[in-house]
Amino acid sequence: MSSEVIKVKDVMKVDVDVVDGMMTVSDVLRTMEHKQNKSIIVQRRDENDEYGIVLLNDIATEVLGKDRSPERVNVYEIMTKPVVSVDPEMDIRYCARLFKRLGLSRAPVMENRKIVGMVSLTDLVLKGLCQKYC
């Protein structure tokens, strides 16, 4: 890539579903506003808490794959917490390296301890790399 820096904020999705950890999986799936997203952010309980994340993969393996009722499983039971986040000013090349090192496919974008977006490997390639070469 050339010297032009493409930042996470240039490729991230700003439409993010944020839910309460006490919600059931079935409630979350019914109320998801952004069906194209493959993850759900779990809200912090207070200012000293951290965000969580549930991937659709988690729902598939922990609920569907284990034959558990989505009406009886709360989101907090299957979430990953604390969530690894990235800064909106991060260069997408470093974001891709971080994802590889940690085995991530997506992460919330946080600014001042607030979720401002979500970025995935797909976004990094299709919106970032292709912005320059496609």
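Everything that follows concerns the structure shown earlier in this document.
Read on for a plain summary of the structure. This one's a predicted model, so the numbers in the text were calculated from it and none came from an experiment.

For the peptide bond that leads from lysine 81 to proline 82, omega is 0 degrees, which places it in the cis range. Relative to the helices and strands, proline 82 is located in the loop between helix 4 (75–78) and helix 5 (92–102). Backbone geometry at asparagine 112 places phi at a positive 55 degrees, although glycine is not the residue there. Along the chain, asparagine 112 turns up in the loop between strand 4 (106–111) and strand 5 (114–120). Its identity is not glycine, yet arginine 113 carries a phi of approximately 60 degrees, on the positive side. Among the structural elements, arginine 113 can be located in the loop between strand 4 and strand 5. The partly exposed category is assigned to arginine 113, whose relative accessible area is 35%.

With that settled, the discussion passes to the side chain of arginine 106. Inspection of the secondary structure assignment puts arginine 106 in strand 4. One buried charge, arginine 106, has no salt-bridge partner; the nearest side chain with opposite charge is aspartate 123, at 5.9 Å. Beyond its immediate stretch of four places on either side in the chain, arginine 106 contacts Lys38, Ser39, Leu55, Phe99, Met118, Val119 and Ser120.

A few words on the nonpolar core. Grouped together as the largest cluster of nonpolar side chains are 13 residues, with contacts concentrated most on Val8, Val86, Cys95, Phe99, Val119 and Leu124. For this core, the secondary structure elements donating two or more residues are helix 1 (8–11), helix 5 and strand 4. Residue contributions to this core peak at four residues, all from helix 5. Residue contacts for valine 8: discarding those within four places in its chain leaves Val86, Asp87, Pro88, Met90, Ile92, Cys95, Val109 and Val119.

What counts as what
Residue numbering note: each chain is counted from 1, following its sequence as written. With the structure being a predicted model, the display of local features is reserved for residues of pLDDT at least 70 and the display and counting of side-chain atom pairs for 80 or more, all residues being used for whole-chain, interface and lining totals. Hydrogens and water are ignored here; the side-chain numbers use all heavy atoms of the structure. Helix and strand definitions follow DSSP, with helices as H or I runs of at least four residues and strands as E runs of at least two, each counted in order from the N terminus. The rule is simple: take the accessible area with a 1.4 Å probe, protein chains only, and divide by the maximum for that residue type; under 20% is buried, over 50% is exposed, in between is partly exposed. For this count, His and the chain ends are skipped, Lys and Arg are scored as positive, and Asp and Glu as negative. Salt bridges are identified by distance alone: a Lys or Arg side-chain nitrogen within 4 Å of an Asp or Glu carboxyl oxygen. The contact rule is simple, with two residues in contact once any of their heavy atoms fall within 4.5 Å. Here, the term nonpolar core denotes a set of buried Ala, Val, Leu, Ile, Met, Phe, Trp, Tyr and Cys residues that are joined through side-chain atoms within 4.5 Å.

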